[in-house]
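# Structural overview
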Amino acid sequence: MALNLIFLGPPGAGKGTVAQAVMDKYSLVQLSTGDLIRAEVASGSELGKKLGVIINSGQLVGDDLMAQMLEKDLAKKVSQKTFKGIILDGFPRTLPQADMLESILKKLKQKLTAVIYIESSKESVVYRLSSRWSCSKCKKVYNTITMPPKNAGVCDDDGAKLTQRDDDKPETIGKRYDTFIEKTSPLINYYEKKGLLHRYDGNVPPGPSIAAAEKIIAGIVKKN
Ligand code: AMP
């Protein structure tokens, strides 16, 4: 049985960082809908231009389009012979998306194993995101305060330049947090009722956050 996890939490809670840290141990693949969107924006396509405007305003992309993009990528990943499970980072973000995910997983003969909710306050995500930088080539994420690169401004792994996301500007960060509270936070109750939710306090540095997530995942694996 594959280990299919959702990482839930506001932007900047550490979903991507924790996913990068735990995926290898369980041979999981990470699927970030934010990364899918940013790839489309970078391609310079007409769709990418429209998506760029939406993400820089801190709003959400439409549910139908988002589910289509997710399904295409998820189907590709599930069909790999080596597939052992997935970490969904940034999807679902609305109740309709949660329903859509259920049917997509069914179609792909997969089941959702658990949801991990990384609780984070507005203050801590604004503080974190304004110091988040990522590699322009391999996308590895750094934080100039809590997880700085060895050499300022360049990636430890490939030496490429680090850049800051356009939507990590203070005014957009606040809006993205508010969007999380309004549109995404109802999912906490939704998955709690289904008995799938695990939560921990993510208002801590990356090391303890990763350790807390690892402990929860180990418990989930033991149970399944
Ligand atoms: P992220 O990298 O997950 O913070 O996503 C960056 C931006 O992409 C978000 O602020 C949204 O505008 C958009 N986005 C990512 N995932 C979704 C989703 N599941 N539904 C709608 N919009 C999304």
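The sections below set out a description of the structure shown in this document. These numbers come from a predicted model, not from an experiment.

## Section: the side chain of serine 131
Relative to the elements of secondary structure, serine 131 occurs in the loop between helix 6 (122-129) and strand 5 (132-135). In this structure the side chain of serine 131 is engaged in a polar contact, spanning 3.2 Å, whose partner is the backbone oxygen of tyrosine 127. Discounting residues that sit within four places of it in the chain, serine 131 has contacts with Tyr142, Asn143, Thr144, Ile145 and Gln164.

## Remarks on the side chain of threonine 184
Tracing the sequence through the fold places threonine 184 in helix 7 (residues 170-184). Residue threonine 184 is classed as buried on the basis of its relative accessible area, which comes to 3%. Setting aside chain neighbours within four positions, we find threonine 184 in contact with Leu8, Pro92, Arg93 and Thr179.

## Topic: the site of the ligand
Neighbouring the ligand are 16 residues; Thr33, Gln59, Gly90, Arg93 and Gln97 lie closest to it. Take glutamine 97: an N or O atom from its side chain is 2.9 Å from a nitrogen atom of the ligand. In the complex, the protein chains occlude 96% of the 470 Å² of accessible area that the ligand would expose alone. Residue contributions to the shell around the ligand peak at four residues, all from helix 2 (residues 33-43). Of the residues assigned to the shell around the ligand, the class counts are six nonpolar, five polar and five charged.

Parameters at a glance
- Residues numbered from 1 in each chain as written.
- Predicted model: local features only at pLDDT ≥ 70, side-chain atom pairs only at ≥ 80, totals over all residues.
- Heavy atoms only, no water.
- Helix = DSSP H or I, 4+ residues; strand = E, 2+ residues; numbered from the N terminus.
- Polar contact = N/O pair within 3.5 Å; in protein donor to acceptor, adjacent residues only side chain to side chain.
- Contact = heavy atoms within 4.5 Å.
- Buried < 20%, exposed > 50% of the residue type's maximum accessible area, 1.4 Å probe, protein only.
- Near = heavy atom within 4 Å.
- Areas by Shrake-Rupley, 256 points an atom, 1.4 Å probe, with all protein chains shown as cover.
- Nonpolar A, V, L, I, M, F, W, Y, C, P; charged D, E, K, R; others polar.

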